[in-house]
Amino acid sequence: MPKPTLHRRDWITQVSAAASSAFVFGGLTAARADEKPRDANSRIGIGAIGLRYQGSVITEKAAAHGDIVALADVDREILEKANGDFGGKSALLEDYRDLLSRDDVDVVMIGTPDHWHSKMVIDACRAGKDVYCEKPLTLTIDEGKKIRDVVRETGRVVQVGSWQRSDSRFRTAVEMVRQGWVGDLQRVDIVLGKNQTGGPFAKQPVPKNLNWNLWQGQTPNVAYIPERCHYTFRWWYEYSGGQMTDWGAHHIDIGQWGAGALPVEIEGTAKMPDVVDGYNVAIDYHVRYKLDNGVEMTVADNGRNGVMFTGDKGRIFVNRGSLEGAPTEKKLPREDFTLYNFDNRERPERAGKLDAIINHMGNFFDCVAARKLPISDIEGQHRSVSTCHLGNISMKLGRKLTWDPKSETFVGDDEANQHLSREQRAGFEVA
């Protein structure tokens, strides 16, 4: 397996050997776009976009594999703090496009709010960069289709930050379920937690350190409200999807991976808040999915946070603190894992957010070197976040929906299909 730190000389040699391979979703080989000659002795250059908490976390993990050469953020205070944290030698940029244009940036970390993920991934791939992007991958289902096409066309390696796939507890649970340790899987029950409520919030002058127009991106241009920005953006549908896409991009991803199936029916219920200039994500939500293999999957906002797999011969529960159930009393060796065959077993097993991200980031750089599909690849993550979006759409419409996972459209439902995309502000379109 590749060593943790990659030099351009080794990187380009491995790229050249893989350049004629076809990009196959569901397989493990991705074709690389033609590379310009690089200084053979220089290390991989890392550019980071969006440096508030999670963006800084992933950038710090990436620094073990290369050199941080450029940082971009629309908030100058956050940008300058990150520069200090990472040695004070990076180029500081407000517009991410300036970062993508740099020849010394080889891979890009994206830690921005959700509504920017799709456009930045697409732009980075077209600029010839490999990408690690925070979850959730998209704001809408149609964005995911576009990303998939661009990644296929460009042959870039893209890892999505759904790091629970690299957490030993979650990975073991999914492997056991898929290998029949609970018998025939019957249901998956997921608890995400409550969405926050609040508002109305006061409109305020835009801080001098913040480019509010650029922060808003594709979303409607509105007056600045602090609660729309930074961490609390996730409680506004304009920018995110509440817990359904926040925790859902983790737990629903694990549930769907374990089930090995896609939804065909969705029935969501929720109370939708009606607060002017306030949080607008669902309150008291519950979603029931029927998957195409007959398994029922539920998502609730109350109960013990985690994922429960129930089969006709046993149950397995997993969350960030535990792996429980009679089947887990026996160990499943790592060499018997079957769901992803580019594991680097030289790395120790890790569990918990900050440790698991070490392996998740390591998998990304392994794949950058070998031109392989990472464990949280585009197709898998597009499908996982699509399931999150389907739940939100059903809750908004207040009725049961039928979904065709092959065409990725609602069956005989023009109104629901209008929710597959959103109107985008001119100049910030995802295309």
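Residues numbered from 1 in each chain as written. Predicted model: local features only at pLDDT ≥ 70, side-chain atom pairs only at ≥ 80, totals over all residues. Heavy atoms only, no water.

S.K.: Got a sec to walk through the UniProt feature "domain: Gfo/Idh/MocA-like oxidoreductase bacterial type C-terminal" (unreviewed entry) in the protein? Specific residues and values, please.
M.R.: In the UniProt entry, the feature "domain: Gfo/Idh/MocA-like oxidoreductase bacterial type C-terminal" (unreviewed entry) is given for residues 202–429. The distance separating the terminal C-alpha atoms of residues 202–429 is 29 Å; by composition the span is 28% helix and 19% strand. (UniProt positions renumbered as here; feature names shortened; annotations may be inferred. Helix = DSSP H or I, 4+ residues; strand = E, 2+ residues; numbered from the N terminus.)

S.K.: For the UniProt feature "domain: Gfo/Idh/MocA-like oxidoreductase N-terminal" (unreviewed entry) in the protein, give the residues involved together with the corresponding values.
M.R.: Feature annotation in UniProt places "domain: Gfo/Idh/MocA-like oxidoreductase N-terminal" (unreviewed entry) on residues 44–161, given in this structure's numbering. As annotated, residues 44–161 comprises 42% helix and 21% strand, and the C-alpha atoms at either end are separated by 20 Å.

S.K.: Tell me what's going on with helix α3 (residues 76–85), and back it up with residues and numbers.
M.R.: Of all the residues in α3, the buried ones are Ile78, Leu79, Ala82 and Asn83. Buried residues along α3 cover an arc of 135° about the axis, so they all sit on one side. Away from the buried face of α3 by more than 90 degrees, exposed residues Glu77, Lys81 and Gly84 are located. Where α3 is buried, its residues touch α2 (53–62), β2 (67–72) and β3 (91–93). Between a side-chain oxygen at the N-terminus of α3 and the backbone nitrogen of Glu77 the separation is 3.0 Å; the capping residue is Asp75. Note on α3: the residue one or two positions beyond its end, Gly87, has a positive phi of about 100°. (Buried < 20%, exposed > 50% of the residue type's maximum accessible area, 1.4 Å probe, protein only. Arc of directions from axis to C-beta. Contact = heavy atoms within 4.5 Å. Polar contact = N/O pair within 3.5 Å; in protein donor to acceptor, adjacent residues only side chain to side chain.)

S.K.: Can you break down the sheet that holds strand β12 (residues 314–318) residue by residue, with the values?
M.R.: With mixed pairing, the nine strands of this open sheet are ordered in space as β13-β12-β11-β7-β10-β9-β8-β14-β15. Every other strand in the sheet has two partners, leaving β13 (323–324) and β15 (409–410) as the edge strands with one partner each. Two strands pair when backbone bridges link them, and strand β8 (residues 263–271) and strand β9 (residues 283–291) are joined in this way by seven bridges, in the antiparallel orientation. Its bridge partner lying in β9, Gly268 is registered against Val287. Strands in contact with helix α7 (residues 168–178) are β7 (185–191), β11 (306–311), β12 and β13; relative to β12, the strand with the most contacts, it is inclined by about 160°. (Pairing = 2+ DSSP bridges. Axes fitted to C-alpha atoms, helices over the stretch in contact; angles between N-to-C directions.)

S.K.: Would you mind going over the packing of helix α10 (residues 248–259) against helix α12 (residues 378–397) in detail, with residue names and values included?
M.R.: Where α10 meets α12, the axes come as close as 9 Å, and the angle between the chain directions of the two elements is 110°. With respect to α12, the axis of α10 lies roughly perpendicular. Only Gly380, Gln381, Arg383, Ser384, Thr387 and Cys388 of α12 make contact with α10, whose side of the interface consists of Gly248, Ala249, Ile252, Asp253 and Gln256. Per-class residue counts for the contact of α10 with α12 are three nonpolar, six polar and two charged. (Parallel < 35°, antiparallel > 145°, perpendicular 65-115°, else oblique. Nonpolar A, V, L, I, M, F, W, Y, C, P; charged D, E, K, R; others polar.)

S.K.: I'd like to hear about the pattern of salt bridges, residue by residue, with values.
M.R.: For the coordinates displayed, the defined rule picks out 33 salt bridges. One continuous salt-bridge network, built from bridges that share partners, spans Arg148, Glu379, Arg383 and Glu408. (Salt bridge = Lys/Arg side-chain N within 4 Å of Asp/Glu carboxyl O.)

S.K.: Give me the lowdown on α7, citing residues and values where you can.
M.R.: Summarising burial for α7: nine of the 11 residues are buried, a large majority. Inspection of α7 places Ser168, Phe170, Arg171, Thr172, Ala173, Val174, Glu175, Met176 and Val177 among the buried residues, and these make up the whole buried set. In the core, the buried residues of α7 are packed alongside β7, α10, β11, β12 and β13. For α7, the N-terminal cap is Asp167; the gap from its side-chain oxygen to the backbone nitrogen of Arg169 is 2.9 Å. One or two steps after α7, the chain reaches Gly180, where phi turns positive at roughly 85°.

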